[in-house]
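Report on the structure
The residues making up each chain are set out below.
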Amino acid sequence: MAKVIDGLYYSESHEFVRVEGEYGYIGITDYAQNALGNVVYVDMPEVDDELTAGEEFGAVESTKAASDLNAPVSGTVVEVNTALEDTPELINQDAFANWIVKVRLTDTAELDSLMDAQAYEEMCGK
């Protein structure tokens with residue numbers, strides 16, 4: 001069973017958001033990295049890019065497939081996880097610790113449309 005962490009927000013397209021104050025750390029879930037297999041490349045936006053909830057902001061490529069990244073929330077990119085540029089396989093080692101982008105949240109009400117850990121586990125279990 002894939003690891004799911006309480007207190008995070010989850011999207012149907014398998015991204016998570018960890019909220020800390022006015023910031024959100026966005027990455028892919030353990031379930032997603034498991035389904036993808038060995039991650040070989042992460043296409044990330046630039047600092048100051050604007051993300052819009054529900055829209056594509058990058059991609060994760062593995063030896064099996066490529067998967068678009070969809071923003072679970074809107075915000076301005078304030079940091080990208082540059083460690084993933086050289087070692088994208090960090091996502092396979094610990095998907096939750098190795099977030100992809102940090103954004104300044106534009107509208108925290110958008111979090112209400114995401115799933116909690118229990119709802120995400122139920123969706124993945126189907």
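The preceding data block contains the structure.
The following refers to the structure shown. (Residues numbered from 1 in each chain as written. Predicted model: local features only at pLDDT ≥ 70, side-chain atom pairs only at ≥ 80, totals over all residues. Heavy atoms only, no water.)

**Some remarks on the nonpolar core**
Ile100 and Val101 are the most contacted members of the largest nonpolar core, which totals 25 residues. Element by element, the count of residues in this core is highest for strand E9 (residues 101-105), at 3 residues. When near neighbours in sequence (up to four residues on either side) are disregarded, Ile100 contacts Ile26, Gly27, Ile28, Val42, Met44, Phe57, Val60, Leu69, Val80, Asn81, Leu84 and Ile91. Val4, Tyr10, Phe16 and Trp99 belong to the second-largest nonpolar core, a separate cluster that totals 11 residues. (Core = buried A, V, L, I, M, F, W, Y, C linked by side-chain atoms within 4.5 Å. Buried < 20%, exposed > 50% of the residue type's maximum accessible area, 1.4 Å probe, protein only. Helix = DSSP H or I, 4+ residues; strand = E, 2+ residues; numbered from the N terminus. Contact = heavy atoms within 4.5 Å.)

**Some details on the sheet that holds strand E7 (residues 66-70)**
With antiparallel pairing, 3 strands are arranged side by side in an open sheet as E4-E6-E7. The open sheet terminates on both sides in strands that have one partner only, identified here as strand E4 (39-43) and E7. Across the sheet, the axes of successive neighbouring strands diverge by a mean angle of 20°, strand direction being ignored. Bridging between E4 and strand E6 (residues 56-62) involves 4 bridges; their strand directions are antiparallel. (Pairing = 2+ DSSP bridges. Axes fitted to C-alpha atoms, helices over the stretch in contact; angles between N-to-C directions.)

**Quick notes on the environment of Glu122**
Checked against the element boundaries, Glu122 lands in helix H4 (residues 117-125). Spatially, the C-alpha atoms of Glu122 and Gln33 are 18 Å apart, while their sequence positions differ by 89 residues.

**Observations concerning the pattern of salt bridges**
Per the counting criterion, the structure on display carries 3 salt bridges. With a shortest N-O distance of 3.4 Å, Arg104 and Glu22 are connected by a salt bridge. Separated by 82 residues along the polypeptide, Arg104 in strand E9 and Glu22 in the loop between strand E2 (15-20) and strand E3 (23-28) bring together distant segments of the chain. (Salt bridge = Lys/Arg side-chain N within 4 Å of Asp/Glu carboxyl O.)

**Digging into the packing of aromatic side chains**
Overall, the coordinates contain 4 aromatic pairs when judged by the stated rule. Here Phe16 and Phe96 contribute two aromatic rings whose centre-to-centre distance is 5.0 Å and whose plane-to-plane angle is 55°, an arrangement assigned as tilted. Of this pair, Phe16 sits in strand E2 while Phe96 sits in the loop between helix H3 (90-93) and E9, placing them 80 residues apart in sequence. Measuring from centroid to centroid gives 5.1 Å for Tyr25 and Trp99, while their planes differ by 70°, and the two rings are edge-to-face. Of this pair, Tyr25 sits in strand E3 while Trp99 sits in the loop between H3 and E9, and the two are 74 residues apart along the sequence. The exposure classification of Tyr25 matches that of Trp99, with both residues buried. Taken together, the aromatic side chains of Tyr10, Phe16, Phe96 and Tyr120 make up a single cluster linked through ring pairs. One cation-aromatic arrangement involves Lys102 over Tyr23; the distance from NZ or CZ to the ring centre is 4.5 Å. (Phe/Tyr/Trp six-rings, centres within 6.5 Å; stacked < 30°, edge-to-face > 60°. Lys NZ or Arg CZ within 6 Å of the ring centre and 35° of its normal.)

**So, unusual backbone geometry**
We note that His14 has phi near 75°; this positive angle belongs to a residue other than glycine. You can see His14 is positioned in the loop between strand E1 (9-10) and E2.

Treat this as a map of the structure, not an account of what it does.
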